[in-house]
Amino acid sequence: MKGIFITMEGPDGAGKSTQIELLKSYLTEQGFEVLITREPGGTVISEAVRGVLLNPEYKEMKPETELLLYAAARAQLVGEVIGPAADAGKAVISDRFVDSSVVYQGIARGLGVETVYSVNRPAIGEYMPDVTFLLDLPAEVGIARKKNQAELDRMEQESLDFHRKVAEGYRTLAERDPERIKTIDATLPVDTICDMIKGKVRTLLAGS
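Residues numbered from 1 in each chain as written. Predicted model: local features only at pLDDT ≥ 70, side-chain atom pairs only at ≥ 80, totals over all residues. Heavy atoms only, no water.

J.: What is the right way to read the layout of surface pockets from this model?
T.: Left-over empty space is what a probe sized like a water molecule reveals as it rolls over the atoms. Within this model, the largest pocket holds a volume of roughly 460 Å³. Residue lining of the largest pocket: 24 residues in total, with Asp12, Lys16, Arg50, Asp95 and Arg96 positioned closest to the centre. Put simply, the parts of the chain that give the lining of the largest pocket at least two residues each are helix H1 (16-29), helix H3 (63-87) and helix H4 (98-108). Looking at side-chain class alone, the lining of the largest pocket contains 7 nonpolar, 6 polar and 11 charged residues. (1 Å grid on protein atoms, 1.4 Å probe; cavity = no way out; pocket = protein on both sides within 12 Å on 5 of 7 lines; lining within 4 Å. Points joined across faces, edges and corners; volume = space filled by probe spheres on them. Helix = DSSP H or I, 4+ residues; strand = E, 2+ residues; numbered from the N terminus. Nonpolar A, V, L, I, M, F, W, Y, C, P; charged D, E, K, R; others polar.)

This is the structure we're talking about:
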């Protein structure tokens, strides 16, 4: 069976984790061995980098440092987990991938979309997602959801203006690549979103 690589994107609080678990169940029913991973993270080294990136004490981190650290964690994840799993015919679902860097560092931080792609090309290699689901959510709603948590990480603690740039950045990215990036209204009921995702995956599998 040919492997499939799916990513779930969206602002903080969009409900990615819930949809990833539901999608895993669906793909398992279709006969796939499913591997779930996340960014930054997914390997011992990448998780260590995650600890640096999201530490709320490191507020002085420069955008360029942030970009390079995300790319480093991604390179390890692709080389150690995503690439081998996809090549082995598994279904890989990642909570975030390079689109997050394009939006957070390229657009919201102002480093530039092409700069982010250039830095990340060695990290990604040939492994771009077959389909990306963007759970679109107003920044105000996402932050309100996240504030119910006990503690916010460094990125989640950014200003509302920053998170608005992130939400709008995702919409801009989806307009640039509508064939791969499928936008779904994250304010819809969980079951409705799940059915929409399954429908698009079903179409993808039928064409593969």
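J.: When you look at the packing of H4 against helix H7 (residues 160-176) in this model, what are you seeing that I'm missing?
T.: A packed helix pair is summarised by two numbers, namely the angle formed by the two axes and the spacing between the axes. Here H4 crosses H7 at 125°, and the two axes come no closer than 9 Å. Put simply, H4 runs oblique to H7. Every pair of crossing elements has a handedness; the one defined by H4 and H7 is right-handed. Between H4 and H7, the residues in contact are Asp99, Ser100, Val102, Val103, Tyr104, Ile107 and Ala108 and Phe162, Lys165, Val166, Gly169, Tyr170 and Leu173, respectively. Looking at the contact of H4 with H7 residue by residue, the classes come out as 9 nonpolar, 2 polar and 2 charged. (Axes fitted to C-alpha atoms, helices over the stretch in contact; angles between N-to-C directions. Parallel < 35°, antiparallel > 145°, perpendicular 65-115°, else oblique. Left-handed = near helix turned anticlockwise from the far one by under 90°. Contact = heavy atoms within 4.5 Å.)

J.: Explain the pairing of strand S4 (residues 131-136) to me, please; I cannot follow it from the model alone.
T.: Side-chain positions along a regular strand alternate between the two faces of the sheet. The buried fraction of S4 is high, at 6 of 6 residues. The alternating pattern of S4 places Val131, Phe133 and Leu135 on one face and Thr132, Leu134 and Asp136 on the opposite face, and all of these are buried. Sheet topology places strand S1 (residues 4-9) next to S4; 4 bridges connect them, and they run parallel. Bridged to Ile6 within S4 is Val131. With 5 bridges joining them, S4 and strand S5 (residues 181-185) adopt parallel strand pairing. (Buried < 20%, exposed > 50% of the residue type's maximum accessible area, 1.4 Å probe, protein only. Pairing = 2+ DSSP bridges.)

J.: Just checking my understanding: could you explain the pattern of salt bridges for this structure?
T.: Two side chains that carry opposite charge are able to pair once their charged atoms sit near each other. Within this structure, the stated rule accounts for 17 salt bridges. Here Glu47 and Arg38 are joined by a salt bridge, their closest N and O atoms 2.8 Å apart. Taking relative accessible area as the criterion, Glu47 reaches 29% and is therefore assigned partly exposed. Across the pair Lys165 and Asp161 runs a salt bridge, and its minimum N-O distance is 3.8 Å. Of the two residues, Lys165 and Asp161 both sit in helix H7, 4 residues apart, roughly one turn of that helix. Here the residues in one salt-bridge network are Glu66, Arg109, Arg154 and Glu158, joined through shared partners. (Salt bridge = Lys/Arg side-chain N within 4 Å of Asp/Glu carboxyl O.)

J.: Got a minute to help me understand H7 in this structure?
T.: Think of an α-helix as turning once every 3.6 residues; residues three or four places apart then point the same way. Under the 1.5 Å per step criterion, the end-to-end length of H7 is 25 Å for 17 residues, consistent within 8% with the ideal 24 Å. Buried within H7 we find Phe162, His163, Val166, Ala167, Gly169, Tyr170, Leu173 and Ala174. In an axial view of H7, the angular spread of the buried residues amounts to 160°, which keeps them on one side of the axis. Every exposed residue of H7 that faces more than 90 degrees away from the buried side is listed here: Glu175 and Arg176. Residues of H7 that are buried make contact with S1, H4, helix H5 (113-124), S4, helix H6 (139-146) and S5. (Expected span 1.5 Å × (residues − 1). Arc of directions from axis to C-beta.)

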